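Here's the letter readout for the chains.
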Amino acid sequence: MIAVHCGAGHYSSSKKKEYLQLCKKACKSGMRILENNGSSIEAVEEAIRVLEDDPLTNAGFGSNLTLDGTVEGDASIMNGENLVFGACGAVRKVKNPISLAFDIYQKQFDPMPLGLVAPSLMVGEGAYKHAKQAGMQIVNESKLVSRKALRQRAKYMARLDAAEIGVVQNHKDGVEMDYSESMDTVGAVCIDNHGDVAAGCSSGGLLLKRPGRVGQAAQFGAGVWADSVDKKLQPSVAVCTTGCGEHLVQTLLAKTVADDMAREKNCPTVDLYNSLNDKFINSKYLKGANTPKIGGVLVLKADNKNGEVNVMWGHTSMSLGVGYMKKGDKKAQSQISELPENAFEGKSVNVGGTAFHFINLLLTPEQINLCS
């Protein structure tokens, strides 16, 4: 099965239906890979490509713009079968950063001369050159800029100019950045026929970020985590994150949540709530944070012994759009998860999820025939 999200933020009522349809579309694309005996990591890449190609999201085409007015993409992918990770950061002109991250992942299995070590993370000009050599789709920078991104940049550049004037005039009010107005990192988690999991994410980063800034979407343990190496002994877990990148990096949120979910034995949604509340909102690493603690996670937890798979999401943002689909389903499910009316963004956690049961993923084909 596969699950996706469209990013933490605030989903306007006029666009909710479009986000729901996009989540379903991404799930269906990933599911086609699984139905053709593809791996979980291949399905994750395909689903995120769909999210990157849609201007609704802050990834690929339609990404938030930097101070210079350009798109710089971050992306990463991780295979739980072997714990290998690939990522790219602050890369320009690459249509699908997730495909570049996937290629960087794959190249680590190629033998290198002189005992050289293949990179797991590439950024900036080096990442661009790698993409070009690998035959990635390279586009003119203007092809990645959407009308929505241009409008948002113009709005906040005006506020930034006012804020800089306000420094001289005793910090005038009303010029702060409202992070809830734009979506953040998109992502996907997946489990395949072999019980192996994978996770991926892609992001244009914070609006008006400085050129060269690399967010959590490209950083090990912060943007994604996937582990199914010991699936016979413990649950397999895949996690992707979204939100304020600096906060997600400081808390290593993807790995932190994955470790908690693999270790805890209580209700999975309670475990997820506790992890986000204790190790994100109340994290000792964010005691000095001077902006709202905006974050979200999408989690897949699979017990390969009894066939139970939990798909869960949690967020401190106002909203998080999610979708999921299991093999055999005729259509994907999607919904917009929202904080309750009396909750405060950045100070409250909302958690949701669903559970499925499959035939034991560790059974041999002969055992499966006997069971059926």
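Counting from 1, residues in each chain are numbered in the order their sequence is written. In keeping with the predicted nature of the model, local features appear solely for residues at pLDDT of at least 70, side-chain atom pairs appear and are counted solely at 80 or more, and the whole-chain, interface and lining totals rest on all residues. The side-chain quantities take in all heavy atoms of the structure and omit both hydrogens and water.

**Q** Outline the overall build of the protein, listing residues and values.
**A** Looking only at helices and strands, the protein has nine helices and 13 strands in total. Taking 372 residues into account, the globule formula puts the C-alpha radius of gyration at 21 Å, and the protein, at 20 Å, falls close to it. A principal-axis box enclosing the C-alpha atoms of the protein has dimensions of 75 × 55 × 40 Å. When a residue's accessible area, from a 1.4 Å probe over protein chains only, is under 20% of the maximum for its type it is buried; when over 50% it is exposed; and in between it is partly exposed. Looking at the protein as a whole, 53% of its 372 residues are labelled buried. Note on areas: Shrake-Rupley with a 1.4 Å probe; residue coverage comes only from the protein chains shown. As displayed, the protein has an accessible area near 16600 Å², and 51% of this comes from carbon and sulfur atoms. A run of H or I in DSSP counts as a helix once it spans at least four residues, and a run of E counts as a strand once it spans at least two, with each numbered from the N terminus. For the radius of gyration, the atoms used are the C-alpha atoms, and the globule rule reads 2.2 Å times the number of residues raised to 0.38.

**Q** Kindly report on unusual backbone geometry, identifying the contributing residues and their values.
**A** Even without being glycine, Leu-114 reaches a positive phi, approximately 60°. Relative to the elements of secondary structure, Leu-114 occurs in the loop between helix H3 (97–107) and strand E4 (121–123). For Leu-252, which is not glycine, the phi dihedral falls at a positive 45°. Mapped onto the fold, Leu-252 is located in the loop between helix H6 (245–250) and helix H7 (253–263). Its relative accessible area of 40% is what places Leu-252 among the partly exposed residues.

**Q** Residues and numbers for the sheet that holds strand E7 (residues 224–227), please.
**A** A pair of strands is labelled paired if DSSP reports no fewer than 2 bridges between them. Pairing is antiparallel across the open sheet formed by five strands, whose spatial order is E7-E8-E9-E10-E13. The two strands at the open ends of the sheet, each matched to only one other strand, are E7 and strand E13 (350–357). Going across the sheet, the axis of each strand differs from the next one's by a mean of 10°, ignoring polarity. In what follows, residue pairs with any heavy atoms lying within 4.5 Å of each other are defined as contacts. Only the contacting stretch of a helix is used when fitting its axis, a line to C-alpha atoms as for every element, and angles between N-to-C directions run 0 to 180 degrees. Packed on one face of the sheet, H7 meets E7, strand E8 (236–243), strand E9 (295–303) and strand E10 (308–315) and runs near 145° to E8. Packing against the sheet, helix H8 (residues 268–281) makes contact with E9, E10 and E13, and its axis sits at approximately 35° to E10.

**Q** Describe the packing of aromatic side chains, and please don't skip the residues or the numbers.
**A** The pairing test for Phe, Tyr and Trp rings, Trp by its six-membered ring, is centres within 6.5 Å, and the orientation test on the planes gives stacked under 30 degrees, edge-to-face over 60, and tilted for anything in between. Under the definition given, this model contains seven aromatic pairs. Here the aromatic rings of Phe-220 and Trp-225 are separated by 5.1 Å at their centres, their planes lie at 65°, and the arrangement is edge-to-face. Residue class for Trp-225 comes out buried when judged on its relative accessible area of 9%. Through a chain of ring-to-ring contacts, three or more aromatic side chains come together here, namely Phe-85, Phe-220 and Trp-225. In this analysis the charged atom, NZ for Lys or CZ for Arg, is taken to sit over a ring once it is within 6 Å of the ring centre and within 35 degrees of the ring normal. Cation over ring: Lys-255 sits above Trp-225, and NZ or CZ is 5.4 Å from the ring centre.

**Q** Before we move on, could you go through the packing of helix H2 (residues 40–52) against H3 and cite the residues and values that matter?
**A** The geometry of H2 relative to H3 is characterised by a closest axis approach of 8 Å and an angle of 155° between their N-to-C directions. With respect to H3, the axis of H2 lies roughly antiparallel. Judged by residue contacts, Ile-41, Glu-42, Glu-45, Ile-48, Arg-49 and Glu-52 of H2 engage Pro-97, Ile-98, Ser-99, Phe-102 and Tyr-105 from H3. Asp, Glu, Lys and Arg are counted as charged, while Ala, Val, Leu, Ile, Met, Phe, Trp, Tyr, Cys and Pro are counted as nonpolar; the rest, among them Gly, fall into the polar class. Residue classes in the contact of H2 with H3 are distributed as six nonpolar, one polar and four charged. Roughly parallel means an angle under 35 degrees; roughly antiparallel means over 145; roughly perpendicular covers 65 to 115; every other angle is labelled oblique.

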